[in-house]
Amino acid sequence: MIYFSDAELDALLLEDIYRGDLTSHCLNLQNIAATMQFTRQNAGVVAGIDIAAALLRKLQLDPQILINEGEIAQAGECILRVSGNAALLHQGWKVTQCVLEWCCGVAQYMQEMCQNATQVNPNAIILCTRKSIPMTRKLATQAILSGGGGIHRQGLSETLLVFTNHRRLLTDPDNFIHIVQHLRHHAPENKITVEADNFAQFLQILPAQPDIIQLDKFSLADVKKALTLVKQQNSPCSLSVAGGVNKDNIADFATLGISLFITSAPYYAPPQDIKVIIEPLCYANTTP
């Protein structure tokens, strides 16, 4: 599980209950014992469950996780249950539901994307970019990992990735051999990735032999030509495909022999439906 600090959990809760719950207060729900169940309406991967439980613990509740992070729930299966003061349950209800619905949506898309790729190329690896929805990167990271994917780079300090926007500021922007040599000298422990905006640029980058050439928005035909050239030259460069890769077209690229995919598509997947039922404790269904 990705670690969430108390401050981060508090920030999520305080978005919804900064000044309490007026409805629960007026209905005097604090004097009622109740249970709250979270049910995944459609079958699929569970994500965000540990964070959801941590949010409920912040409210002095004791949640029971029924389906673990990254596991598959059946349609209509309860994934999380918690009992306690009804007013506290209502305080945790919506933020916990939102975390689960969004994380499960991202993880479900990621899992389906991985399945589509590995069915034709068992070596396929899918990594997600840092182009997540603002303020959701940690939640997104957990969801991506739960769905079977990985992270391309969490931030600028992690990897060396040369874009055209970097090169435009250099004295000799098209001297790829010098750029790669310079980076190898100053960051000897890091792999070097250089992005190619088109096939002509790929031809310029290849002799410099970076560790990875990232093919941005390349057509299938151009990806196939690039792979053929790398093989013919016995180049040590690996190729990755980025830009526009999603679960509907990834198999087409994987069939060509590409094994490394860079994507942002899972972040924008629709949320999964998590149904929440709160009822008096004496009437609660206690079966998992």
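Residues numbered from 1 in each chain as written. Predicted model: local features only at pLDDT ≥ 70, side-chain atom pairs only at ≥ 80, totals over all residues. Heavy atoms only, no water.

Draft legend 1. How the structure looks around the overall build of the protein. Secondary structure assignment for the protein yields 10 helices and 13 strands. Summarising its shape, the C-alpha atoms of the protein cover approximately 75 × 40 × 25 Å along the three principal directions. Relative to its 288 residues, the protein shows a buried fraction of 48%. Of the contacts made within the protein by residues no fewer than 6 positions apart, 71% connect residues no fewer than 24 positions apart. Accessible surface computed for the protein: about 14,700 Å², of which carbon and sulfur atoms make up 52%. In the protein, 21 positive and 26 negative side-chain charges are present, and the distance between their average locations comes to 5 Å. (Helix = DSSP H or I, 4+ residues; strand = E, 2+ residues; numbered from the N terminus. Buried < 20%, exposed > 50% of the residue type's maximum accessible area, 1.4 Å probe, protein only. Contact = heavy atoms within 4.5 Å. Areas by Shrake-Rupley, 256 points an atom, 1.4 Å probe, with all protein chains shown as cover. Lys, Arg positive; Asp, Glu negative; His and termini not counted. Charge placed at Lys NZ, Arg CZ, Asp CG, Glu CD.)

Draft legend 2. Layout of the pattern of salt bridges. Going through the model one piece at a time under the given rule, you end up with eight salt bridges. Between Arg-167 and Asp-174 there is a salt bridge; the shortest N-O distance is 3.1 Å. Residue classification places Arg-167 among the buried positions, given a relative accessible area of 3%. Across the salt bridge formed by Lys-217 and Asp-216, the nearest N and O atoms sit 3.7 Å from each other. By relative accessible area, Lys-217 is classed as exposed at 62%. Beyond isolated ion pairs, a larger network of salt bridges with shared partners links Asp-6, Asp-10 and Lys-58. (Salt bridge = Lys/Arg side-chain N within 4 Å of Asp/Glu carboxyl O.)

Draft legend 3. The arrangement of the state of the cysteines in detail. Counted under the stated rule, the structure contains zero disulfides. Of the cysteine sulfurs around Cys-104, a residue in no disulfide, the closest is that of Cys-103, at 7.1 Å. Cys-114 provides the cysteine sulfur closest to Cys-128, a residue in no disulfide bond, and the two sulfurs are 8.4 Å apart. (Disulfide = S-S within 2.5 Å.)

Draft legend 4. Structural context of the sheet that holds strand β9 (residues 192-196). Here seven strands make up an open sheet; going across it, the order is β7-β6-β12-β11-β10-β9-β8 and the pairing parallel. Bordering the open sheet on either side are β7 (150-151) and β8 (160-162), each of which pairs with just one other strand. Where strand β10 (residues 212-216) and strand β11 (residues 238-242) come together, five bridges link them in parallel fashion. Note on β11: the bridge partner recorded for Ile-213 is Leu-239. Along the sheet, helix α4 (residues 86-118) contacts β6 (125-128) and β12 (260-263); its crossing angle with β6, the most-contacted strand, is approximately 150°. (Pairing = 2+ DSSP bridges. Axes fitted to C-alpha atoms, helices over the stretch in contact; angles between N-to-C directions.)

Draft legend 5. Structural detail: the side chain of Thr-263. Mapping Thr-263 onto the fold places it in strand β12. A distance of 3.0 Å separates a polar atom in the side chain of Thr-263 from the backbone nitrogen of Ala-265. In this structure, Thr-263 is in contact with Met-113, Ile-126, Leu-127, Cys-128, Thr-129 and Val-245, ignoring residues within four places of it in sequence. (Polar contact = N/O pair within 3.5 Å; in protein donor to acceptor, adjacent residues only side chain to side chain.)

Draft legend 6. Examining helix α1 (residues 6-17) more closely. Taking 1.5 Å of rise per residue, 12 residues should cover 16 Å, and α1 covers 16 Å from first to last C-alpha, within 8% of that figure. Looking only at α1, the buried set comprises Leu-9, Leu-12, Leu-13 and Ile-17. An end-on view of α1 places all buried positions within 115° of arc, on one side of the element. With respect to the buried face of α1, the exposed residues turned more than 90 degrees away are Ala-7 and Glu-15. Looking at the buried residues of α1, the elements they touch are α3 (49-58) and α4. (Expected span 1.5 Å × (residues − 1). Arc of directions from axis to C-beta.)

Draft legend 7. Quick peek at the pairing of β10. Judged by how many residues are buried, β10 sits mostly within the fold: five of five residues are covered. Going residue by residue along β10, you find Ile-212, Gln-214 and Asp-216 tucked away on one face and Ile-213 and Leu-215 tucked away on the opposite face as well. Pairing between β9 and β10: four bridges, direction parallel. Note on β10: the bridge partner recorded for Ala-196 is Leu-215. Once you follow β9 into helix α8 (residues 199-205) and on to β10, the crossover reads as right-handed. After leaving β10, the chain enters helix α9 (residues 220-232) and then returns to the sheet as β11, a path that is right-handed. (Right-handed = clockwise from strand over helix to strand, strands pointing away.)

The analysis is restricted to geometry; functional conclusions fall outside its scope.
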